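Observations on chain architecture
As a plain string of letters, each chain reads:
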Amino acid sequence: MNRMTMGSVRVARSGSLLNDTFAGAGQSATTTSNSGFSCADNNNELSSPTKACTINRPLATVSNRDAWKSSKNAERAAQIVKQSNVICFDVDSTVICEEGIDELADFCGKGSEVARVTKEAMGGGMTFQDALNIRLNIIQPRKNQIIEFLQQRPCTLTKNIRSFMEKLKLERKEIYLISGGFHCLIDPIADELGIPRNHVFANKLTFFFNGDYASFDTTQPTSKSGGKAEAVSIIKRCHPDAIITMIGDGATDLEAAPPADNVIGFGGNVLRTEVHQRAQYYIMDFAQLM
């Protein structure tokens with residue numbers, strides 16, 4: 001995968017797979033919806049909380065000069081964050097360095113096929129739901145493969161994301177994660193960063209009882225194009241007077257405004273040309289927002 005790695009710690013993705021839905025054996029699968037989001041605290045249907053662990057590792061970094069060179073209106077972006085009450089983050093290639101579904105595909109031996117689809121989808125070349133369906137049908141991840149993946153492939157937190165989020169918390173801003181990825185991969189990241197699990201919008205996989213992949217829950221807002229905008233609309237109902245800013249690396253993040261008041265593009269892990277061109281605000285390092 002062609003990306004610039006800028007993280008400093010890795011997060012073990014050892015979350016409970018009860019996040020996702022296990023369906024009846026044989027021919028049929030059933031799903032449960034997580035789209036009925038409410039402002040009340042909940043555990044996103046997990047049977048028990050998990051605590052992610054981190055390990056340090058040396059990582060290649062981009063020089064400050066290179067990082068700042070590709071930025072657009074970074075000082076104004078920092079002001080926007082300061083004025084915002086709610087900050088929403090994409091996860092893959094934003095909060096973490098990796099694209100979770102690409103990593104899962106590579107683990108399952110389907111990396112090159114799925115990476116091509118991901119690249120096209122992130123550039124806005126197809127609907128998100130089509131891209132997600134195509135990629136999952138290529139991977140056909142079994143339950144046991146996902147369990148092994150969670151144990152063996154820790155993800156890497158993006159450089160300065162932890163300190164940036166700590167600053168946001170001190171300023172009493174609400175933080176949400178909005179991802180086209182999967183709860184079972186993302187919830188442990190939320191735990192590590194101290195973000196409540198009911199502040200996570202993501203997708204759910206479904207499996208047959210024999211462990212075969214069945215499908216994904218299409219009732220989740222982030223399972224389709226425009227899903228991040230729908231997730232922000234739900235958040236806005238909980239915070240009707242809030243100024244909401246979305247931060248992310250992909251075309252789906254740009255779609256979040258409106259209803260988000262602002263979108264800040266992020267290229268610290270992968271600089272996507274179309275997103276860079278279209279975004280009014282673009283940063284290469286979260287330090288630029290602090």
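Structure report, in brief. Quantities reported herein were computed from a predicted structural model and do not represent experimental measurements.

Moving on, we get to the packing of aromatic side chains. Following the criterion strictly, the structure yields 5 aromatic pairs and no others. On the numbers, 5.9 Å between centres and 75° between planes, the contact of Phe89 with Phe164 is edge-to-face. Residue Phe89 is located in strand E4 (residues 86-89), and its partner Phe164 is located in helix H7 (residues 161-170); the two are separated by 75 residues in the primary sequence. Of the two residues examined, Phe89 and Phe164, each falls in the buried class.

In this section: the nonpolar core. By size, the foremost hydrophobic cluster in this structure holds 32 residues, and its most contacted members are Phe89, Val95, Leu177 and Leu289. Looking at this core element by element, the count peaks at 5 residues for helix H2 (residues 74-83). Core analysis: the next-biggest nonpolar cluster, separate from the first, contains 20 residues, Val86, Ala231, Ala256 and Ala260 among them.

Turning our eyes to something else, we now look at the sheet that holds strand E12 (residues 281-283). Spatial ordering of the open sheet is given by E7-E6-E4-E10-E11-E12, a layout of 6 strands whose pairing is parallel. Strand pairing shows two members of the sheet lacking a second neighbour, strand E7 (200-203) and E12, which therefore form its edges. Taking each pair of neighbouring strands and ignoring which way they run, the sheet shows an average axis angle of 20°. Looking at chain direction, strand E11 (residues 262-266) and E12 are connected through 3 bridges and run parallel. Each bridged residue has a counterpart across the sheet, and for Gly265 the counterpart in E12 is Tyr282. Against the sheet, helix H8 (residues 183-193) touches strand E6 (174-182) and E7, its axis set at about 155° to E6.

Let us look at the pattern of salt bridges. Tallied over the full model, the rule gives 15 salt bridges. Its salt-bridge partner being Arg197, residue Asp191 comes within 2.3 Å of it at the nearest N-O pair. The salt bridge involving Asp249 is made with Arg272; its shortest N-O contact spans 2.6 Å. Here the residue Asp249 occupies a position in the loop between strand E10 (244-248) and helix H10 (251-254), and Arg272 occupies one in the loop between E11 and helix H11 (273-278), the gap between them amounting to 23 residues. An identical accessibility class is assigned to Asp249 and Arg272; each is buried.

This part covers the pairing of E4. Of the two faces of E4, the one carrying Val86 and Cys88 and the one carrying Ile87 and Phe89 are both buried. In the sheet, E4 pairs with E6 via 4 bridges, with the strands oriented parallel. Paired with Val86 across the two strands is Glu174, which belongs to E6. In this sheet, E10 lies alongside E4 in parallel orientation, the contact comprising 4 bridges.

Residue Ala257 is joined to Pro258 through a cis peptide bond whose omega torsion reads -10°. If you trace the backbone, Pro258 turns up in the loop between H10 and E11. A cis amide bond links Pro258 to the next residue, Pro259, at an omega of 10°. By secondary structure assignment, the location of Pro259 is in the loop between H10 and E11. Positive phi outside glycine occurs at Gln140, with the angle close to 50°. Within the secondary structure, Gln140 is located in the loop between helix H5 (128-139) and helix H6 (143-152). Look at Gln140 and you get partly exposed, because its relative accessible area is 38%.

About the cut-offs
- Residues numbered from 1 in each chain as written.
- Predicted model: local features only at pLDDT ≥ 70, side-chain atom pairs only at ≥ 80, totals over all residues.
- Heavy atoms only, no water.
- Phe/Tyr/Trp six-rings, centres within 6.5 Å; stacked < 30°, edge-to-face > 60°.
- Helix = DSSP H or I, 4+ residues; strand = E, 2+ residues; numbered from the N terminus.
- Buried < 20%, exposed > 50% of the residue type's maximum accessible area, 1.4 Å probe, protein only.
- Core = buried A, V, L, I, M, F, W, Y, C linked by side-chain atoms within 4.5 Å.
- Pairing = 2+ DSSP bridges.
- Axes fitted to C-alpha atoms, helices over the stretch in contact; angles between N-to-C directions.
- Contact = heavy atoms within 4.5 Å.
- Salt bridge = Lys/Arg side-chain N within 4 Å of Asp/Glu carboxyl O.

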